[in-house]
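Structural overview for review
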Amino acid sequence: MAVLHYSITRTVKPTSCPVQIGQVKKSCDIAESDRSHDEEIGFLIEQAVEAVENEAQRSLLTQTWRLTLDEFPPDSMGDVELKKGPIASVTSVKYDDADGVEQTFSDFELDSGKEVIRPQYDKCWPTPRVHPGSVRITYVAGTALPSVPKSAIQAIVYYACKAFEGCSPHDK
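Residues numbered from 1 in each chain as written. Predicted model: local features only at pLDDT ≥ 70, side-chain atom pairs only at ≥ 80, totals over all residues. Heavy atoms only, no water.

Regarding the state of the cysteines
With the rule as written, the count across this model stands at 1 disulfide. Here Cys-28 pairs with Cys-161 through a disulfide, and the sulfurs are 2.2 Å apart. A residue pair is termed long-range when its members are at least 10 positions apart, and Cys-28 in the loop between helix H1 (21-27) and helix H2 (38-56) and Cys-161 in helix H3 (residues 150-164) qualify at 133 residues. One exposure class covers both Cys-28 and Cys-161, and it is buried. Its sulfur unpaired, Cys-17 is 14 Å from the next cysteine sulfur, which belongs to Cys-28. (Disulfide = S-S within 2.5 Å. Helix = DSSP H or I, 4+ residues; strand = E, 2+ residues; numbered from the N terminus. Buried < 20%, exposed > 50% of the residue type's maximum accessible area, 1.4 Å probe, protein only.)

A word on H2
Given 3.6 residues per helical turn, the α-helix brings residues three or four places apart onto the same face. Taking 1.5 Å per residue, 19 residues should reach 27 Å; H2 reaches 27 Å between its end C-alpha atoms and fits that length. Within H2, the full set of buried residues consists of Asp-38, Ile-41, Gly-42, Leu-44, Ile-45, Ala-48, Val-49, Val-52 and Glu-53. As for H2, its buried residues are in contact with strand E1 (6-12), H1, strand E2 (63-69) and H3. (Expected span 1.5 Å × (residues − 1). Contact = heavy atoms within 4.5 Å.)

Details of the side chain of Glu-53
As for its position among the elements, Glu-53 is in helix H2. Polar side-chain contacts of Glu-53 include one of 2.9 Å to the backbone nitrogen of Leu-60. Not counting residues within four places of it along the chain, the set of residues in contact with Glu-53 comprises Arg-10, Arg-58, Ser-59, Leu-60, Leu-61, Gln-63 and Lys-84. (Polar contact = N/O pair within 3.5 Å; in protein donor to acceptor, adjacent residues only side chain to side chain.)

Things to note about H3
Between its first and last C-alpha, H3 extends 21 Å over 15 residues, near the 21 Å set by a 1.5 Å rise per residue. Packed against the buried residues of H3 are H1 and H2. Phi turns positive one or two residues past the end of H3, at Gly-166, with a value near 85 degrees.

Details of the nonpolar core
A general trend in soluble globular proteins is that nonpolar side chains are found buried together. Counting 21 residues, the largest nonpolar core has Val-19, Val-24, Ile-45, Leu-60 and Ile-156 as the members making the most contacts within it. Elements that contribute at least two residues to this core include exactly H2 and H3. Per-element tally for this core: the top contributor is H3, with 8 residues. Leu-60 has contacts with Val-49, Val-52, Glu-53, Gly-142, Thr-143, Val-148, Ala-152 and Ile-156, leaving out every residue within four places of it along the chain. Within the second largest apolar cluster, 18 residues are counted, among which are Phe-72, Val-93, Tyr-95 and Trp-125. (Core = buried A, V, L, I, M, F, W, Y, C linked by side-chain atoms within 4.5 Å.)

A closer look at the sheet that holds strand E5 (residues 102-104)
Taking strand neighbours across the sheet as the criterion, the 5 strands line up as E1-E2-E8-E4-E5 in an open arrangement whose pairing is antiparallel. The sheet is open, and its two borders are formed by E1 and E5, each paired with just one other strand. On average, adjacent strands in this sheet sit at an angle of 25 degrees to one another, irrespective of strand direction. When strand E4 (residues 87-96) meets strand E8 (residues 135-141), the two strands line up antiparallel, connected through 7 bridges. Paired with Val-90 across the bridge in E8 is Tyr-139. (Pairing = 2+ DSSP bridges. Axes fitted to C-alpha atoms, helices over the stretch in contact; angles between N-to-C directions.)

A few points about the pairing of E8
By the criterion of burial, E8 is predominantly enclosed, with 7 of the 7 residues buried. Of the two faces of E8, the one carrying Val-135, Ile-137, Tyr-139 and Ala-141 and the one carrying Arg-136, Thr-138 and Val-140 are both buried. Sheet analysis places E2 next to E8, joined by 7 bridges and oriented antiparallel. Each residue of the ladder has a partner; that of Thr-68, found in E8, is Arg-136.

Thoughts on the packing of H2 against H3
Where H2 contacts H3, the axes come no closer than 8 Å and their chain directions differ by 130 degrees. The angle between the axes of H2 and H3 places the two elements in the oblique class. Regarding H2 and H3, the two cross each other, and that crossing is right-handed. Contacts between H2 and H3 involve Glu-40, Ile-41, Leu-44, Ile-45, Ala-48, Val-49, Ala-51, Val-52 and Glu-55 from the former and Ala-152, Ala-155, Ile-156, Tyr-159, Ala-160, Ala-163 and Phe-164 from the latter. Split into classes, the residues belonging to the contact of H2 with H3 amount to 14 nonpolar, no polar and 2 charged. (Parallel < 35°, antiparallel > 145°, perpendicular 65-115°, else oblique. Left-handed = near helix turned anticlockwise from the far one by under 90°. Nonpolar A, V, L, I, M, F, W, Y, C, P; charged D, E, K, R; others polar.)

Printed below as a string of structure tokens:
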């Protein structure tokens, strides 16, 4: 199986956060009424969410990603793996044709269980221009807040609290 060169960019961040400042304050034994650390804790929560998502290679909350490839799979009907799942939907599959003109490919299907897209039955991937970044797939990944795993929430609170205390999350 050929290795596809790719890059992935988040284009729309989540609009909410799976952990609230009060959760971290409680874990760090900070009084709920003490607002003097709220800005710092909010920043640490953002950093902890990013760390947990990066470590897990998953999107916790709904966000939009763009996967950029140099080409479609060489076997013309192969799967393209979408990173940072769970995958909710695919917004667009665009590519530059041989003349460098952007085209939209819509004859694909999403296999959300395997987190891949592939051409529909009896269809093939088009032939893009031979150029880095000539294929762009935009998709939505993540879940709604109530579906974020409790283990991820606990990890975020732990990382944020440890960072607030001046410790690395990996310190014992």
